[in-house]
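Chain by chain, the residues run as shown.
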Amino acid sequence: MTSLKRQEHRLANSLIQLEVLEAPRQNGEQFALFQDKLEAAGLYPLRPTGVEILQINVGKMCNQTCKHCHVDAGPDRKEIMARETMQHCLDALDAAGKQIHTVDLTGGAPEMNPHFRWFVEELSLRGKKVMVRCNLTIILANPKYHDLPEFFRQHGVEVVSSLPHFSARRTDAQRGEGVFEKSIKALQMLNAVGYGKHGSGLDLHLVYNPAGAFLPGSQASLEKEFKQKLLKDFGVEFNNLYVITNLPISRFLDYLLQSGNYESYMEKLVNAFNPVAAAGVMCRNTLSVGWDGALYDCDFNQMLDMKLEKTAPEHISDFQLNSIDQRAIRLNQHCYGCTAGAGSSCGGATT
Amino acid sequence: MEKTYYKPEDLGKFGNIADWQPELAKKFFDYYGEVFKEGELSEREKALIALAVSHALQCPYCIDAYSTGSLEKGATEGQMMEALHVAAAIRGGASLVHGVQMMNKVKEVSM
């Protein structure tokens with residue numbers, strides 16, 4: 001499997017994705033506009049509550065090519081963050097001071113960026129809480145990554161890892177053949193250095209997202225199921241399960257269209273709009289940085305090339321906290337993914 | 001009348017039954033919502049029971065709802081199929097256990 005970009009697929013173009021999202025249904029009716037729903041909930045224009053988390057996408061390169069990936073990441077993607085851009089991020093963090101207390105590293109597989117370890121060390125020196133979105137299989141992908149659990153431990157990095165299901169079949173259907181087995185081995189390696197163990201202070205969180213065109217169930221119930229199953233079958237322990245809804249963009253959008261599930265999925269998202277979840281969306285306290293240093297409201301807007309609105313800076317090298325905190329957040333129909341049901345964010349349910 | 005008795009989009013209109021009798025519909029949907037909340041049984045276990053019953057009743061709306069519902073609650077394909085076999089076993093067993101009645105009757109009227 002190759003990326004949409006490599007295939008020169010029409011959905012590799014973010015403008016076409018937005019056209020699909022804005023198009024009327026087959027019967028000619030329009031899905032209710034997300035903006036109108038926010039307005040009715042008294043939340044439009046949507047403003048930040050203040051940036052506390054800097055989510056940095058250090059590159060689209062990945063050892064996996066998951067079917068639902070909103071980044072369209074994969075081994076054939078070469079876009080990765082340069083050290084100079086990382087330095088701009090560090091400068092921005094220094095300028096922001098304590099208000100931005102957490103840095104969330106994502107990708108692709110962030111560990112594949114050659115400057116990854118240097119960057120983590122620099123962040124850790126600054127006393128920031130560092131989270132890495134680790135796909136687990138990277139730890140086993142090459143001997144040079146085998147010591148990642150130990151590296152994470154040394155720097156107190158919080159590890160957040162995707163595991164769409166405790167059954168091999170459903171995990172492999174989404175993430176590729178053999179991914180489940182490798183993910184379990186990687187989790188056992190993380191457990192071995194203390195991650196996910198009670199009292200270790202080393203947090204290991206798992207991310208569940210549905211392997212198909214359906215919404216996630218309750219986070220608390222699924223967490224209980226995952227904990228029981230993973231402990232009983234594999235001796236694996238972890239802290240929290242973050243339940244995330246798939247947003248209709250990039251490869252997941254392609255899947256929805258190919259499988260004929262697009263309209264019914266959008267309908268589910270729209271019908272499940274929850275004003276309480278809308279008030280707690282992550283773009284209100286998180287700022288997203290692209291591999292090239294461009295600034296976005298979230299990682300999803302990043303993939304749709306929807307940069308911060310014009311009143312705010314365009315690039316991390318022009319970072320300016322006040323104007324960022326006062327901007328209006330840019331919206332489109334994909335935003336329904338974060339406001340459905342119990343809400344969805346990179347930290348799981350929001351209600 | 002429509003050409004077919006079942007239309008998938010009608011599932012989404014279930015709530016419309018309240019249009020002609022709101023009080024009873026409200027009581028039913030409140031009850032329904034309570035039933036499926038996590039209790040001594042997990043939400044996943046309840047979804048699997050609903051899936052099995054849906055097949056026993058052969059209700060297309062319910063099969064649609066609880067196939068997705070079971071997935072949402074984290075059930076595996078294996079668990080879902082096992083739940084159906086429970087329904088099938090009870091349905092089959094319900095026929096066969098009456099074999100005893102048949103045998104009783106045959107013995108009663110035979111020499």
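For the structure, see preceding data.
Everything numeric in this text was worked out from a predicted model, so none of it was measured.

Novice: Just checking my understanding: could you explain the overall build of chain B for this structure?
Specialist: Within chain B, the secondary structure is distributed over five helices and zero strands. Each helix (α) and strand (β) of chain B, taken in turn from the N terminus, gives the series α-α-α-α-α. Relative to a compact globule of 111 residues, whose C-alpha radius of gyration would be 13 Å, chain B shows 19 Å and is clearly more extended. Overall, chain B is about 60 × 40 × 30 Å in size when its C-alpha atoms are taken along their principal axes. A burial count over chain B gives 22% of its 111 residues as buried. When contacts within chain B are restricted to residue pairs at least 6 apart in sequence, long-range pairs at least 24 apart make up 48% of them. Carbon and sulfur atoms make up 65% of the accessible area of chain B, which totals about 8300 Å². Distance between charge centres in chain B, computed from 12 positive and 16 negative side chains, equals 6 Å.

Novice: Help me understand the interface of chain A and chain B in this model?
Specialist: As a measure of interface size, the accessible area lost when the parts come together is often cited. Taken together, the 17 residues of chain A in the interface contact 13 residues of chain B. With both chains or domains summed, chain A and chain B bury close to 1200 Å², and 44% of this area falls on carbon and sulfur atoms. Considering only the side of chain A, the residues that lose the most area to chain B are Arg 170, Phe 214 and Glu 225 of chain A, jointly responsible for 38% of the buried surface there. Applying the counting rule to chain A against chain B returns four salt bridges. Put simply, Arg 170 of chain A and Glu 77 of chain B hold a salt bridge, and the shortest N to O gap is 2.9 Å. Here chain A is connected to chain B by 10 residue pairs in polar contact (both at pLDDT 80 or more).

Novice: Whenever I open this one, the environment of Ala 52 of chain B confuses me. Can you help?
Specialist: Secondary-structure assignment places Ala 52 of chain B in helix α2 (residues 43-57). Beyond its immediate sequence surroundings of up to four residues, Ala 52 of chain B is in contact with Ala 83 and Ala 87 of chain B.

Novice: Mind showing me how you'd approach the pattern of salt bridges here?
Specialist: Side chains that differ in sign of charge can pair as their charged atoms come close. Residue and element names in this part refer to chain A. Within the structure shown, the criterion is met by 27 salt bridges over all chains. Glu 223 serves as the salt-bridge partner of Lys 227, at 3.9 Å between the closest nitrogen and oxygen. One end of the pair, Lys 227, and the other, Glu 223, are both in helix α10 (residues 219-234), four residues apart, so they sit about a helical turn from each other.

Novice: Looking at this structure, how should I read the packing of helix α4 (residues 77-97) of chain B against helix α5 (residues 99-109) of chain B?
Specialist: When two helices pack together, their arrangement is given by the angle between the helix axes and the distance between those axes. Residues and elements named next belong to chain B. Closest axis-to-axis distance for the α4/α5 pair is 4 Å, and the angle between their directions is 10 degrees. For the element pair α4 / α5, the angle class is roughly parallel. Taken together, the residues of α5 that come into contact with α4 (itself represented by Ser 95, Leu 96 and Val 97) are Gly 99, Val 100 and Gln 101.

Novice: Which parts of the structure should I look at to understand the pairing of strand β7 (residues 286-289) of chain A?
Specialist: A regular strand places its side chains so that they alternate between the two faces of the sheet. Residues and elements named next belong to chain A. Side chains Thr 286 and Ser 288 project from β7 onto one buried face, and the interleaved Leu 287 and Val 289 project onto a second face that is buried too. With two bridges joining them, β7 and strand β8 (residues 295-296) adopt antiparallel strand pairing. Following the sheet pairing, Val 289 is matched in β8 by Leu 295. Counting the residues in the hairpin turn of β7 and β8 gives five residues, including Gly 293, whose phi is positive at 95 degrees.

Novice: Got a minute to help me understand the nonpolar core in this structure?
Specialist: Across soluble globular proteins, nonpolar side chains have a tendency to be buried as a group. Grouped together as the largest cluster of nonpolar side chains are 103 residues, with contacts concentrated most on Ile 56, Leu 105, Phe 119, Phe 152, Leu 230 and Phe 319 of chain A. Among the elements that line this core, the one with the most residues is helix α4 (residues 83-96) of chain A, at six residues. With sequence-adjacent residues up to four places away left out, Phe 319 of chain A is seen in contact with Ala 92, Ala 96, Ile 100, Leu 287, Pro 313 and Ile 324 of chain A. One finds Leu 51, Ala 52, Tyr 66 and Ala 75 of chain B within the second-largest nonpolar core, a separate group that totals nine residues.

Novice: What am I meant to see in the packing of α2 of chain B against α4 of chain B here?
Specialist: All names here are of chain B. It is the contact of α2 with α4, at a shortest axis distance of 8 Å, that shows an interaxial angle of 45 degrees. Classified by the angle between their axes, α2 and α4 sit oblique to one another. Judged by the sense of rotation from one axis to the other, the crossing of α2 with α4 is right-handed. When α2 is examined against α4, the residues Arg 44, Leu 48, Leu 51, Ala 52, His 55 and Ala 56 are found in contact with a partner set consisting of Gln 79, Met 80, Ala 83, Leu 84, Ala 87 and Arg 91.

Novice: How should the state of the cysteines be read in this particular structure?
Specialist: Defined simply, a disulfide is a covalent bond joining two cysteines at their sulfur atoms. The final tally for this structure, using the stated rule, is one disulfide over all chains. The disulfide partner of Cys 59 of chain B is Cys 62 of chain B, and the gap between their sulfur atoms is 2.3 Å. The S-S bond linking Cys 59 of chain B to Cys 62 of chain B shows a torsion near 75 degrees; that makes this disulfide right-handed. The thiol sulfur of Cys 66 of chain A is not disulfide-bonded, and the nearest other cysteine sulfur, from Cys 62 of chain A, lies at 6.4 Å. Free cysteine Cys 89 of chain A: the closest other cysteine sulfur is in Cys 346 of chain A, separated by 16 Å.

Novice: For this particular structure, what's the right way to read the sheet that holds strand β6 (residues 241-243) of chain A?
Specialist: Through backbone hydrogen bonds, the strands of a sheet pair up, either in parallel or in antiparallel fashion. All names here are of chain A. Taken in spatial order, the eight strands of this open sheet run β6-β5-β4-β3-β2-β1-β7-β8, and their pairing is mixed. Single-partner strands in this sheet number two, and they are β6 and β8. Bridge analysis of strand β2 (residues 102-106) against strand β3 (residues 129-134) gives four bridges, and the strand direction is parallel. Bridge pairing in β3 places Thr 102 opposite Lys 129.

Novice: Just checking my understanding: could you explain the pairing of strand β1 (residues 53-57) of chain A for this structure?
Specialist: Residue and element names in this part refer to chain A. Of all the five residues making up β1, five are buried; the element is thus mostly covered by neighbouring parts of the structure. In this sheet, β2 lies alongside β1 in parallel orientation, the contact comprising five bridges. Bridge assignment links Ile 53 to a residue of β2, and that residue is Thr 102. Each parallel crossover has a hand, and for β1 linked through α4 to β2 it is right-handed. In terms of strand pairing, β1 meets β7 through four bridges, oriented parallel. Pairing of Gln 55 across the sheet is with Ser 288, part of β7.

Novice: What should I look at first to understand the packing of aromatic side chains in this one?
Specialist: The geometry of two aromatic rings is summed up by the distance between their centres and the angle between their planes. Residues and elements named next belong to chain A. One pass over the full model with this rule turns up 19 aromatic pairs over all chains. Between Phe 116 and Phe 151, the ring centres sit 6.3 Å apart and the planes meet at 50 degrees, which makes this aromatic pair tilted. Placement of Phe 116 in helix α5 (residues 116-125) and of Phe 151 in helix α7 (residues 148-154) is noted, with a sequence separation of 35 residues between them. No difference in accessibility class separates Phe 116 from Phe 151, as the two residues are buried.

Rules of the game
Residue indices begin from 1 for each chain and proceed along its sequence in written order. A letter from A marks each chain and a number from 1 marks each ligand, given out in the order of writing. The predicted nature of this model means local features are confined to residues of pLDDT at least 70 and side-chain atom pairs, given and counted, to a pLDDT of 80 or more, with totals for whole chains, interfaces and linings taken over all residues. Only heavy atoms go into the side-chain values, all of them from the structure, while hydrogens and water stay out. For the purposes of this entry, the term helix denotes a DSSP run of H or I that reaches at least four residues, the term strand denotes a run of E that reaches at least two, and both are numbered from the N terminus. For the radius of gyration, the atoms used are the C-alpha atoms, and the globule rule reads 2.2 Å times the number of residues raised to 0.38. Buried means the residue's accessible area, taken with a 1.4 Å probe over protein chains only, is under 20% of the maximum for its type, while exposed means over 50%, and partly exposed covers the values in between. Any two residues whose heavy atoms approach within 4.5 Å are treated as being in contact. The Shrake-Rupley method, run with a 1.4 Å probe, gives the accessible areas here. Residue values count only the displayed protein chains as cover. A positive count includes Lys and Arg, and a negative count includes Asp and Glu. His and the chain ends are not counted in either. Lys charges are placed at NZ, Arg charges at CZ, Asp charges at CG and Glu charges at CD. Values labelled buried area give the accessible surface lost by two parts on being combined, using a 1.4 Å probe and summing over both. Salt bridges are defined by distance alone: a side-chain nitrogen of Lys or Arg within 4 Å of a carboxyl oxygen of Asp or Glu. Identification of polar contacts relies on pairs of N or O atoms within 3.5 Å, with a donor-acceptor requirement for protein atoms, meaning one able to donate a hydrogen and the other able to accept it, and with residues adjacent in sequence counted only if both atoms are side-chain atoms. Lines fitted to the C-alpha atoms define the axes, with helices restricted to the stretch that makes contact. Angles between their N-to-C directions range from 0 to 180 degrees. Angles below 35 degrees are treated as roughly parallel, those above 145 as roughly antiparallel, those between 65 and 115 as roughly perpendicular, and all remaining angles as oblique. Strand pairing requires that DSSP identify at least two bridges connecting the strands. The set of buried Ala, Val, Leu, Ile, Met, Phe, Trp, Tyr and Cys residues whose side-chain atoms join them within 4.5 Å is what this entry labels a nonpolar core. By the definition used in this description, the sense in which the near helix is turned from the far one sets the handedness, with an anticlockwise turn below a right angle giving left-handed and a clockwise turn giving right-handed. Disulfide: a pair of cysteine sulfur atoms within 2.5 Å of each other. We call a crossover right-handed when, viewed with both strands directed away from the observer, the connection leading from the first strand over the helix to the second proceeds clockwise. Two rings from Phe, Tyr or Trp (for Trp, the six-membered ring) form a pair when their centres sit within 6.5 Å of each other. Planes less than 30 degrees apart are called stacked, planes more than 60 degrees apart edge-to-face, and all others tilted.

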